[in-house]
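Letter by letter, the chains look like this.
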Amino acid sequence: MEDVTYVGSGRSIDIELGGQEVITIDLDNLDPNPEDVLDLLKEGQCRVSVWTKLAGEYWRRGYLAAAERIAHSAIESLQANGTTASSPPIYALLANIQIAHAQKAPKLVLSEAREDKLTNVRPKEEYYREAAQYLNTGERAAAEGGEGVGGTLAFLTRGIQQLATRSMDDAMRSFEGVLAEKPTNVVALLGKARILYARRSYPQALKLFQQILQLNPHCIPDPRIGIGLCLWALDYKSKAKAAWQRSLEVNPTDWSAQLLLGLESINASKTENLSEKDRAQAFLSGTKFIEKAFNANQKSAAAANALCELFLRKGSYKRALKLAERTIQFADTLTLLTEGNLRAARVLHAEGSLKEATKYYTTATDGQPKHVLGAIGMAQMQIQNDEIAAAIHTLDLLLQPPNPQRSVEAMVMLASLRAHPRPGVSSSDFAQEKAKARELFDRAIKALEQDDSRSSNGHVPPHTASYINDDLDMHIEIARLWQEESLDRTTRALKEALRLSEANEQIDPRLLNNMGALQHMEGNLAEARALYEDSLTKAASLGPDAGEGMSTSMLYNLARVYEDSGDISMAKEAYDKLLARHPEYVDAKVRQAQMLADLNQSNEAHDLLKQAMASQNSNLNLRAFYTYFLIQSNLPKPAKDFVFATLKDHDKHDVYSLCAAGWIQYHQSRESRDSSPKGLEERRRGFQRSAEFYDKALLLDPLCAFAAQGLAIVTAEDALGTFGGGPATSGGDDPQKRMRNARDALDIFAKIRESLNDGSVYLNMGHCYYARDEFDRAIESYETASIRFYNGHNVSVLLCLCRTWYAKASKDQSFVAMSTALKYAQKALHLQPSDKAILYNIAMVQQKAAELLFGLSPSKRTLKDLEWAILQAGHAQRLFASLAADSASVVPYSRDIADQRRKYGESMLRRGDEHLATQKEFEAEAQAKLVAARLRRQMERDKLEALEQEKIEEHRRQAEKLAEERRKAREQAQEWTREVQMESEEERERKSKRAAKKVKAEGESGDEGEPKKKKRSGGKLKKVVDQDVDNEQLFSDEEVDSKPAKKRVPKKRVVRDDEDQDAVGGPRKKQYKSKEIISDTDDEEMS
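Residues numbered from 1 in each chain as written. Predicted model: local features only at pLDDT ≥ 70, side-chain atom pairs only at ≥ 80, totals over all residues. Heavy atoms only, no water.

Evaluated as defined, the whole model comprises 53 salt bridges. We note a salt bridge from Asp170 to Arg173, for which the minimum N-O separation is 2.2 Å. One end of the pair is Asp170 and the other is Arg173, both in helix H7 (residues 168–181) and three residues apart, which spans about a single turn. On the accessibility criterion, Asp170 (33% relative accessible area) is partly exposed. Across the pair Asp235 and Lys237 runs a salt bridge whose closest N-O atoms are separated by 2.6 Å. Owing to a relative accessible area of 55%, Asp235 belongs among the exposed residues under this scheme. (Salt bridge = Lys/Arg side-chain N within 4 Å of Asp/Glu carboxyl O. Helix = DSSP H or I, 4+ residues; strand = E, 2+ residues; numbered from the N terminus. Buried < 20%, exposed > 50% of the residue type's maximum accessible area, 1.4 Å probe, protein only.)

Printed below as a string of structure tokens:
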């Protein structure tokens, strides 16, 4: 084989033949058919590098098949020459060519594709398998030739193949092996960066892509694409876009940059803060970029997927389906495969091909079970196939752990499905389903509110939040779910629905009617009336066909609010108008009958009810009201016959009729006065049948509070025992049994109170507390019933309060409680002035009040109360006399007892003057004692105040004296300080003179060298007493501040001469040790 030389700039190859002839191949003008070139290469027995360079040049120019042909020819040539040991680079080249073929090959081939049908194509897996085989063959050839296995080229090719087959860990080891030897290998760096990006290590991947760009700014594939992807993932959207734009400038034909810029423009067009024009421009620009990207690479699943969405929105279903199938066949990631299946399913769903759409949805959800759009689409298919339970299960899997998805659309859809009744679901299960639906709606509304709050803080809200929150049907469904649980929640939901309806300028009259009903139930009659009238107006504008059916119930509701407002004439007019349109509307007749009954026109009301019964005799609601009317009209016998007829001929399981029958039986037995054995037996049987009716009603409806209350009354009054004619117990057991029965009844009433908001429950609880002598709690229950439910106008409750306060006053001997009992009795008389029983009770309470005060000691009553009680007792005497002389045939009391009470009152009042005198005397003495005590307390206070004033004066004098002493001390100290300062200055002058004399003396007598040692004198020391020095040490601030304090050492005591003491003077003197060298005269010492 001849040598090969490269000439020029490397864009040509010289092949020497036979040692003389040289053939030059121009690489810039290659023939697409490589046959001639192959003959030259074989004849020249060229090196491997020539084969690979030429094959690579063909590959670079897009002649991939020619490059592969050259590589195979190279293998054949090397095998023929026996130089297979140098073939590994050729096998690596073949492996890369197979990987390049795989990039344009489909991942799978749809056998049932409708639009994008592929024939005679090989899937990616075959190419990848052949690439692996070539690599293995190359390694074996290298091993057999003794050149060793591996090398940079082999590692890179193996890493690329592993990366293409998603073997990330193996690919990372291959690239790391190359980078360990050559850290700047661009191919290895690209592979590692792609793996880090796939593992979501965006900062590390970004660093590598930037390093690649520095090493090779013209690298293909362009690292700017990877830089932009990492920046986008790190939420640097503008920088990512700039990177892609720069990539497109460098490589104008690069489809990946065009695709990414197109997707960025499409996303930007969804931004709410852009103007409509800018959004349209961004969308148009994105569409063009995506089309260019797909045209540049029609085998790209990502470009096909993006373009499919655009055609799907435009309604071009045929082209969209082709692109979706293209995405499915060429997708090399699970995400793209799922997206392709979903878009194919959506196209087929829109076309009505539900079976095929279901197949694609199933494939998508099998691959990604938590994909929101896939789960919702699959649920829609299941709903279309009437598989509601399966749809609920699909959405439940999406929203439940593990990895629950936050999808408001799925929450709302699942809530709506759960709120819809389904066959085979029991009432208890359906109640649980409704509770779950309410919870899901609450979660959805909360998520929407969070999105709104984030958007108010500058974040872009999700596109779904707006249209879900504006879903009118969703708010109506929420209102329907809460209507039996919470009127407040129902009102809020309906208000939101009404707001949306008004915003669309298409107000549904039914919304106004429902809002009016809610306001009506809450007692807002004016608001309800306005809403009803508005709904009628809106319904009339819809035309006779649509509006007539709505206006019927609206007119009835309007009449009801007129009635509740007390506008009887307007209510009657509305009912008449309604009955003129629909004579068979029995509810209007029932309300008219009730209005007549309230006006004491019972006969006219009865006639209307008979007319209604004639037209709808089997209407159970109508029969229930007729039973109520007969009972309220005090017609117990017809009421009993009618309710028994209802149970016998119409519905023996009607709960209302059973409760009414129980009440009638109980009332009849309770009011029975037949004390004969037969009468007692009938009474007992009546109570027993009453309990049976209530028990049966509870079996049919365990939540029936009225039946439970009836049984509680039976229990409290022991209707099945002694009260019902049973054998009497011993005297000691009766009170205990009464207490026990009242306790059991209270437990039942407490449970009834949670479900039945009615005054009768509190009234019965008060009866039980009264039976147990718990008067305070009985009063609380009675007052709750009277104030909350009857506005203080129920005579029975007022009389119960009177009775309880009377019993409490008798027990506690409280005149205040007795006065309260009288107040309630007088209120009841005001409501029923002709009731003689109330008059009797008033007289009894007035007489008992005086009797109570007469029995109290003077210290426990007042003269004012006593005078008022005697006055009231006199009024009671007149009442008793009037009641005893009443000539009516039937009176609700005993005339004899009234006369006896009158006589007793006369005897009691005879002692009234005596009690008044005693009370006056007691209060006079008490007042005198009080005055005396006040005087004593005043004297004590005056004495204490005088002592306190004296102490204050003494303290003041002492303070003044102390202040004067301190003032004098300060003045003296200031005077001493001035004296010391003057003396200190004189002393410093004397010291300076003594020091000068000392230096002079030492200079005359001493030696120039070492001074002589001083000897201690054994004689008497001269006394040196200097008052100025002493004062300076005691008072000088300068000396104290500038020198640290020294411990005073004991000094030798010497005897002082009288002359010295007289010369110096002053009481403060200190003695100092004298100098060892004594001066001749004392004058020198003192000068």
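Turning next to the side chain of Thr627. Assignment of secondary structure puts Thr627 in helix H31 (residues 620–632). With sequence-adjacent residues up to four places away left out, Thr627 is seen in contact with Ala639, Phe642, Val643, Tyr656 and Ala660. (Contact = heavy atoms within 4.5 Å.)

Moving on: helix H40 (residues 815–831). Over its 17 residues, H40 runs 25 Å from end to end, which matches the ideal 24 Å to within 8%, given 1.5 Å per residue. Within the span of H40, buried status applies to Phe815, Ala817, Met818, Thr820, Ala821, Leu822, Tyr824, Ala825, Ala828 and Leu829. Structurally, H40 contributes buried residues whose contacts are with helix H38 (775–789), helix H39 (795–812), helix H41 (836–854) and helix H42 (863–884). At the N-terminal boundary of H40, the capping side chain belongs to Ser814, with an oxygen 3.5 Å from the backbone nitrogen of Val816. (Expected span 1.5 Å × (residues − 1). Polar contact = N/O pair within 3.5 Å; in protein donor to acceptor, adjacent residues only side chain to side chain.)

What follows is about the packing of aromatic side chains. Here the structure, examined in full by the defined rule, presents 15 aromatic pairs. Here the aromatic rings of Tyr770 and Phe775 are separated by 5.7 Å at their centres, their planes lie at 55°, and the arrangement is tilted. Judged by its relative accessible area of 23%, Tyr770 falls in the partly exposed class. On the basis of relative accessible area, Phe775 is assigned to the buried category, the value being 10%. (Phe/Tyr/Trp six-rings, centres within 6.5 Å; stacked < 30°, edge-to-face > 60°.)

Attention shifts here to a positive patch on the surface. A grouping of Arg934, Arg936, Arg937 and Arg941 is seen on the molecular surface, where their side chains present a positively charged patch. Secondary-structure assignment places Arg941 in helix H44 (residues 912–1005). (Patch = residues over 30% accessible without salt bridge, like charges linked within 9 Å, V, L, I, M, F, W, Y side chains within 5 Å. Areas by Shrake-Rupley, 256 points an atom, 1.4 Å probe, with all protein chains shown as cover. Lys, Arg positive; Asp, Glu negative; His and termini not counted. Charge placed at Lys NZ, Arg CZ, Asp CG, Glu CD.)

Turning to the environment of Leu863, a few remarks are in order. Locating Leu863 in the fold gives a position in helix H42. Look at Leu863 and you get buried, because its relative accessible area is 17%. Through-space distance from the C-alpha of Leu863 to that of Ala917 is 9.4 Å; in sequence the pair is 54 residues apart. Among all residues touching Leu863, those that are not within four sequence positions of it are Leu916, Gln919, Lys920 and Glu923.

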